[in-house]
Amino acid sequence: MKKALKVLAILTLGIAVLILTTTSGDAQLIEGQRIPGFPHLSLQAQEVTDSSLTLSSACALKPVSKASKSRPVVAAVQTPVPLNRFRQEPNLVDQSKETSAKSALAYTPIEEVALAHPTNFGRRFVQDFYGKLANNEAIVVLHETVGSAQSTIDLFQTPHPNDNDQVSYHTLITTDGTIVYLVPPDRRAFGAGNSIFVSDTGQEAIQTNPDFPPSVNNFSYHISLVTPPDGRNDATRHSGYTRAQYQSLAWLVAKTGMPESRITTHRAVDRSRQRIDPRSFDGEYFLRLLSFYPKTQEISTQCSTPAVLEE
Ligand SMILES: [Zn+2]
């Protein structure tokens with residue numbers, strides 16, 4: 001018996017040494033390194049070799065220069081993508097006394113999934129283009145589509161290999177209040193190029209591409225309200241959004257758990273002097289509605305590590 005145990009111990013040790021040797025020789029892994037301000041993250045990265053990673057929540061380590069590495073071929077995304085890739089079920093969320101009281105507010109919008117083409121969104125980066133840590137707290141950025149819901153979805157589902165054409169929001173809200181999920185929340189939607197968020201800590205923006213100005217996209221959750229028909233133009237105002245849109249917006253934003261101080265508009269963060277959306281937006285009404293909904297973490301913008309070595 002003792003001999004058998006000894007043999008087993010030697011065998012186990014041998015296997016452990018074999019595994020260690022194999023892993024340390026693996027060029028796909030970068031030595032783990034703790035990231036200050038991101039205690040749950042460590043600087044480890046893996047190559048995307050498996051198509052299951054295409055829609056994974058993994059962060060990207062840092063942007064790579066286009067000259068040294070082209071964007072990898074995007075694997076086809078299997079459809080349909082389940083709703084819980086965009087919003088987790090509330091049973092995973094801590095329900096305090098306050099939230100259960102507020103849950104009495106019965107409003108349930110219709111939710112749909114219309115995944116954007118993968119060329120129109122990317123991974124959130126752990127570092128900016130220059131290797132500086134990109135650990136901003138998330139913000140919510142509000143927009144309006146200007147075009148119809150269908151034309152907006154069609155635009156986002158069209159492949160755009162050219163960087164200049166890539167565009168997306170995470171979510172849009174139609175005039176009847178339907179919520180349409182386009183980009184998973186832990187991924188980077190391309191909603192506000194050339195943008196800066198001004199907060200208590202100063203000016204926040206991340207440069208992820210040396211050819212474009214810094215933007216808030218790396219830490220934003222972009223939500224767009226579908227514009228009413230009389231607003232499909234460049235006028236400064238239109239007739240505004242429906243009550244259902246405001247209610248769905250409040251319902252949705254509450255699920256990001258975002259503090260009011262980090263909810264903003266495209267107009268406020270834009271630095272191109274070309275964006276004034278969402279026009280005719282009643283911010284007071286929205287915030288009053290928002291106060292009725294329990295804040296949860298059903299929608300998380302936090303990408304996961306190990307990060308992938310791409311983008
Ligand atoms: Zn916008």
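The rules behind each value
Just so you know, the residues in each chain are numbered from 1, in the order the chain's sequence is written. Local features are withheld for residues below a pLDDT of 70 in this predicted model, meaning they are given only at 70 or higher, and side-chain atom pairs are given and counted only at 80 or more; totals for whole chains, interfaces and linings count all residues. Each helix is a run of H or I in the DSSP string that is no shorter than four residues. Each strand is a run of E no shorter than two, and both are numbered from the N terminus. Any residue with 12 or fewer other C-beta atoms within 10 Å of its own C-beta is exposed, any with 20 or more is buried, and the rest are partly exposed; the C-beta atoms used are placed from the backbone. This entry defines residue contacts through backbone-placed C-beta atoms, with two residues in contact when those atoms are within 7 Å. For this analysis, nonpolar core means a set of buried Ala, Val, Leu, Ile, Met, Phe, Trp, Tyr and Cys residues linked through C-beta atoms within 7 Å. Whether two strands pair depends on DSSP finding at least two bridges between them. Throughout, the arc means the angular range of directions from the helix axis out to the C-beta atoms. Working convention: axes come from line fits to C-alpha atoms, limited for helices to the stretch in contact. Angles between N-to-C directions cover 0 to 180 degrees. For classification purposes, angles smaller than 35 degrees are called roughly parallel, those larger than 145 roughly antiparallel, those between 65 and 115 roughly perpendicular, and all remaining angles oblique. Take the far helix as the reference: if the near one is turned anticlockwise from it by less than a right angle, the crossing is left-handed, and if turned clockwise, right-handed. Three categories are distinguished: nonpolar for Ala, Val, Leu, Ile, Met, Phe, Trp, Tyr, Cys and Pro, charged for Asp, Glu, Lys and Arg, and polar for the others, with Gly belonging to the last.

### A short note on the overall build of the chain
Phase 1 of the analysis: When helices and strands are counted, the chain shows 6 helices and 13 strands.
Phase 2 of the analysis: Burial status across the chain gives 34% buried among its 311 residues.
Phase 3 of the analysis: Put simply, 77% of the contacts in the chain that link residues at least 6 apart link residues at least 24 apart.

### Describing the nonpolar core
Phase 1 of the analysis: By size, the foremost hydrophobic cluster in this structure holds 53 residues, and its most contacted members are Val 140, Leu 182, Val 216, Ile 223, Leu 249, Ala 250 and Val 253.
Phase 2 of the analysis: Each residue touching Ala 250, except ones within four places of it in the same chain, is listed here: Phe 286, Leu 289, Leu 290 and Tyr 293.

### With respect to the pairing of strand β11 (residues 220–225)
Phase 1 of the analysis: The buried fraction of β11 is high, at 6 of 6 residues.
Phase 2 of the analysis: Both faces of β11 are covered, namely the face carrying Ser 220, His 222 and Ser 224 and the face carrying Tyr 221, Ile 223 and Leu 225.
Phase 3 of the analysis: As paired strands, strand β5 (residues 139–144) and β11 are joined by 6 bridges and run parallel to one another. From the neighbouring strand, His 143 faces β11, where its bridge partner is Ser 224.

### A short note on the pairing of β5
Phase 1 of the analysis: By the criterion of burial, β5 is predominantly enclosed, with 6 of the 6 residues buried.
Phase 2 of the analysis: Here β5 shows no split at all, with Ile 139, Val 141 and His 143 on one side and Val 140, Leu 142 and Glu 144 on the other all buried.

### Quick notes on helix α3 (residues 149–157)
Phase 1 of the analysis: For α3, the full list of buried residues reads Thr 152, Ile 153 and Phe 156. One face of α3 carries all of its buried residues, which in axial projection span an arc of 95°. Seen from the open side of α3, the exposed residues pointing more than 90 degrees away from its buried face are Gln 150, Ser 151 and Asp 154.
Phase 2 of the analysis: Contacts made by the buried residues of α3 are with β6 (171–173) and β7 (179–181).

### So, unusual backbone geometry
Phase 1 of the analysis: Geometrically, the link from Asp 277 to Pro 278 is a cis peptide bond, its omega value of 0° lying close to zero.
Phase 2 of the analysis: The topology assignment puts Pro 278 in the loop between α5 (266–269) and α6 (283–290).
Phase 3 of the analysis: Cis geometry marks the peptide bond from Thr 305 to Pro 306; its omega dihedral reads 10°.

### Notes on the packing of helix α4 (residues 243–254) against α6
Phase 1 of the analysis: Two elements in contact, α4 and α6, have axes whose closest approach is 9 Å; the angle formed by their N-to-C orientations is 55°. Taken together, the axes of α4 and α6 are oblique relative to one another. Here the hand of the crossing between α4 and α6 comes out right-handed. Across from Tyr 246, Gln 247, Leu 249, Ala 250, Val 253 and Ala 254 in α4, the residues of α6 making contact are Tyr 285, Phe 286, Leu 289 and Leu 290.
Phase 2 of the analysis: Split by residue class, the contact of α4 with α6 holds 9 nonpolar, 1 polar and no charged.

### Some points on the sheet that holds β11
Phase 1 of the analysis: One open sheet holds the 6 strands; their spatial order is β3-β7-β6-β11-β5-β12, and the pairing between them is mixed. Looking at strand neighbours, the two that pair on one side only are β3 (111–113) and β12 (263–265), the edges of this open sheet. Across the sheet, the mean angle from the axis of one strand to that of its neighbour is 25°, orientation sign disregarded.
Phase 2 of the analysis: Relative to β7, β3 runs parallel, the two being bridged by 3 bridges. Bridge pairing in β7 places Glu 111 opposite Ile 179.

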